[in-house]
Amino acid sequence: MRPEKPSLRQRWFGAKLAELRLRAGLTSLALAAEKCGRSTGSLSRIENGIVGIPPRDVPPILDAYGVTDLGIREKLMAVATEVQQERRGWWVEHSDALSPSYVDLIRLEATATEIWTYEMHLMPGLLQTEAYARAFVSALGELGSVPRLDEFITVRMNRKAIISRDEPVILRAVISEAALRQPIGGPEIFRDQLQHLREYTTRPNVTLQVLPFLDRPNPGLFGAFSVLRLPSLDVAHVETMNTDAYIEDEHSVDQYLRAFERLTALALSPAESDSFLREIAVTL
């Protein structure tokens, strides 16, 4: 198994500590390390996101930097705790078969309290059947983007556990009508996929809305995206053919949140969406 790459939160934590150090006027890393009671090399590795630290080691660093804001202190403690938890997830045994950016997505999903997702051409990954997932992921396999198809599908199915765990994630999904007009996998597989969607929406933590074709511009035209809402921070996620992009700064994430709220306002209600899915299924 290859060494695990630093997670998004680990990198965020390091960058935030570096920002706080500079804000405290400690431009010398050696001087900052001395004030923190750490070696220069240790502090450098933390700031560069190479290593994480136990939550108990966070307060002394913040004290050395004169950080008294309770909000900042609590947020950094929360992120440090989450970084520790990331190394014990089920995905660790699959990490050698997945890209680091995809592992980041799984880590974030595992600790998210809410996930808001908009899909333009496909079913949301967390709501796919195995047959549907295999049908479209096989196309990426042909391009070499998914070298171990069976393991990738297993991981995709395992991700769905966050919806039915003891404290399930709240999933809000908006699907463009375009995704429902492409019967990927053929009529039988697609019909089962539509029924799968309808079954999941009976769960109190899952809301699904269909965005019908519109005659006016809307935020959905820019493409699919998700926002993962975590106890410590919110992260926007955009998936491409062979990697995953993450947006972390608060202003940009807020734009995605507002875009999603706009899409839910334009979309059919959950009840109307269920009828829409049923009508499409009978035409297959």
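Residues numbered from 1 in each chain as written. Predicted model: local features only at pLDDT ≥ 70, side-chain atom pairs only at ≥ 80, totals over all residues. Heavy atoms only, no water.

**Q** Run through the overall build of the protein, naming residues and quoting values.
**A** A tally of helices and strands in the protein yields 13 helices and 6 strands. Dimensions along the principal axes, computed over C-alpha positions, put the protein at roughly 70 × 40 × 35 Å. The buried share of the protein, taken over its 284 residues, is 47%. In the protein, the proportion of contacts linking residues at least 24 apart, taken out of those at least 6 apart, comes to 75%. Side-chain charges in the protein split into 32 positive and 38 negative, and the spacing between the mean points of these groups amounts to 3 Å. (Helix = DSSP H or I, 4+ residues; strand = E, 2+ residues; numbered from the N terminus. Buried < 20%, exposed > 50% of the residue type's maximum accessible area, 1.4 Å probe, protein only. Contact = heavy atoms within 4.5 Å. Lys, Arg positive; Asp, Glu negative; His and termini not counted. Charge placed at Lys NZ, Arg CZ, Asp CG, Glu CD.)

**Q** Tell me about the environment of phenylalanine 260, residues and numbers included.
**A** Checked against the element boundaries, phenylalanine 260 lands in helix 12 (residues 250-266). Here phenylalanine 260 falls in the buried class, since its relative accessible area comes to 0%. A C-alpha to C-alpha distance of 7.8 Å links phenylalanine 260 and proline 219, two positions 41 residues apart in sequence. Those residues in contact with phenylalanine 260 that sit more than four places away from it in its chain are Trp116, Thr117, Tyr118, Arg172, Ala173, Val174 and Phe225.

**Q** Can you lay out the environment of serine 7 for me, pointing to particular residues and giving the numbers?
**A** The topology assignment puts serine 7 in the segment before helix 1 (8-23). Residue serine 7 is classed as buried on the basis of its relative accessible area of 1%. C-alpha of serine 7 to C-alpha of glycine 49: the two residues are 42 residues apart in sequence and 8.0 Å apart in space.

**Q** Got a sec to walk through the packing of helix 1 against helix 6 (residues 100-111)? Specific residues and values, please.
**A** One way to put it is that helix 1 packs onto helix 6 with a least axis distance of 9 Å and a crossing angle of 85°. The angle between helix 1 and helix 6 places the two elements in the roughly perpendicular class. Residues Leu8, Arg9 and Arg11 of helix 1 form the contact with helix 6, whose participating residues are Asp104, Arg107, Leu108 and Thr111. Considered class by class, the residues forming the contact of helix 1 with helix 6 number 2 nonpolar, 1 polar and 4 charged. (Axes fitted to C-alpha atoms, helices over the stretch in contact; angles between N-to-C directions. Parallel < 35°, antiparallel > 145°, perpendicular 65-115°, else oblique. Nonpolar A, V, L, I, M, F, W, Y, C, P; charged D, E, K, R; others polar.)

**Q** Give me the sheet that holds strand 2 (residues 170-176): which residues, what numbers.
**A** If you trace the 6 strands from one edge of the open sheet to the other, you get 3-2-1-4-5-6, paired in mixed fashion. In the strand order of this sheet, the two ends are held by strand 3 (206-211) and strand 6 (244-247), each with one partner. In this sheet, adjacent strand axes meet at a mean angle of 15° when their direction is disregarded. As judged from the 4 bridges shared by strand 5 (residues 234-239) and strand 6, these two strands associate in the antiparallel manner. Of the residues in strand 6, the one forming a bridge with alanine 236 is isoleucine 247. Lying on the sheet, helix 12 is in contact with strand 1 (114-119), strand 2, strand 3, strand 4 (225-229), strand 5 and strand 6; it crosses strand 4 at an angle near 115°. (Pairing = 2+ DSSP bridges.)

**Q** Residue-level account of the side chain of arginine 9, with values.
**A** By the secondary structure assignment, arginine 9 is in helix 1. Arginine 9 gets classed as buried once you look at its relative accessible area, which sits at 0%.

**Q** Quick one: what's the story with empty space enclosed by the protein, residue by residue and with numbers?
**A** What the rule picks out here adds up to 1 cavity of 30 Å³ or more. Here the largest cavity is characterised by a volume of approximately 40 Å³. Together, Gln10, Phe13, Val51, Gly52, Ile53, Ala80 and Val83 line the largest cavity. Among the residues forming the lining of the largest cavity, the class breakdown is 5 nonpolar, 2 polar and no charged. (1 Å grid on protein atoms, 1.4 Å probe; cavity = no way out; pocket = protein on both sides within 12 Å on 5 of 7 lines; lining within 4 Å. Points joined across faces, edges and corners; volume = space filled by probe spheres on them.)

**Q** Could you give an account of the nonpolar core, naming the residues involved and the relevant values?
**A** Across soluble globular proteins, nonpolar side chains show a tendency to be buried alongside one another. In terms of nonpolar packing, the biggest core is built from 66 residues, with Phe13, Tyr65, Ile163 and Leu180 touching the most fellow members. Residues within four places of phenylalanine 13 in sequence aside, it is in contact with Ile46, Ile53, Val58, Leu76, Val79 and Ala80. Among the nonpolar cores identified, the runner-up in size contains 16 residues, and Val174, Ala236, Ile247 and Val253 belong to it. (Core = buried A, V, L, I, M, F, W, Y, C linked by side-chain atoms within 4.5 Å.)

**Q** Tell me about the pairing of strand 5, residues and numbers included.
**A** Residues in a regular strand project their side chains so that they alternate between the two faces of the sheet. Pairing geometry for strand 4 and strand 5, over 4 bridges, is antiparallel. Each residue of the ladder has a partner; that of serine 226, found in strand 5, is histidine 237.

**Q** I'd love a proper account of the packing of aromatic side chains, names of residues and values included.
**A** Counted according to the given criterion, the structure contains 6 aromatic pairs. Ring plane angle 40° and centroid distance 6.3 Å describe the contact between tyrosine 132 and phenylalanine 190, whose orientation is recorded as tilted. Of this pair, tyrosine 132 sits in helix 7 (residues 130-142) while phenylalanine 190 sits in helix 11 (residues 187-200); the two residues are 58 residues apart in sequence, bridging distant segments of the chain. A connected cluster of aromatic rings, assembled from ring pairs, spans Tyr118, Phe225 and Tyr256. (Phe/Tyr/Trp six-rings, centres within 6.5 Å; stacked < 30°, edge-to-face > 60°.)

**Q** So what's going on with the layout of surface pockets? Which residues, and what values?
**A** In this structure, the second largest pocket occupies an estimated 310 Å³ of space. Together, 13 residues line the second largest pocket, and Trp12, Lys75, Leu233, Glu248 and Glu250 are the ones closest to its centre. Counting residues per element, the ones that place at least two in the lining of the second largest pocket are helix 1, helix 5 (70-86) and helix 12. Looking at the lining of the second largest pocket element by element, the count peaks at 4 residues for helix 1. Per-class residue counts for the lining of the second largest pocket are 5 nonpolar, 1 polar and 7 charged.

In short, geometric facts, not functional conclusions.
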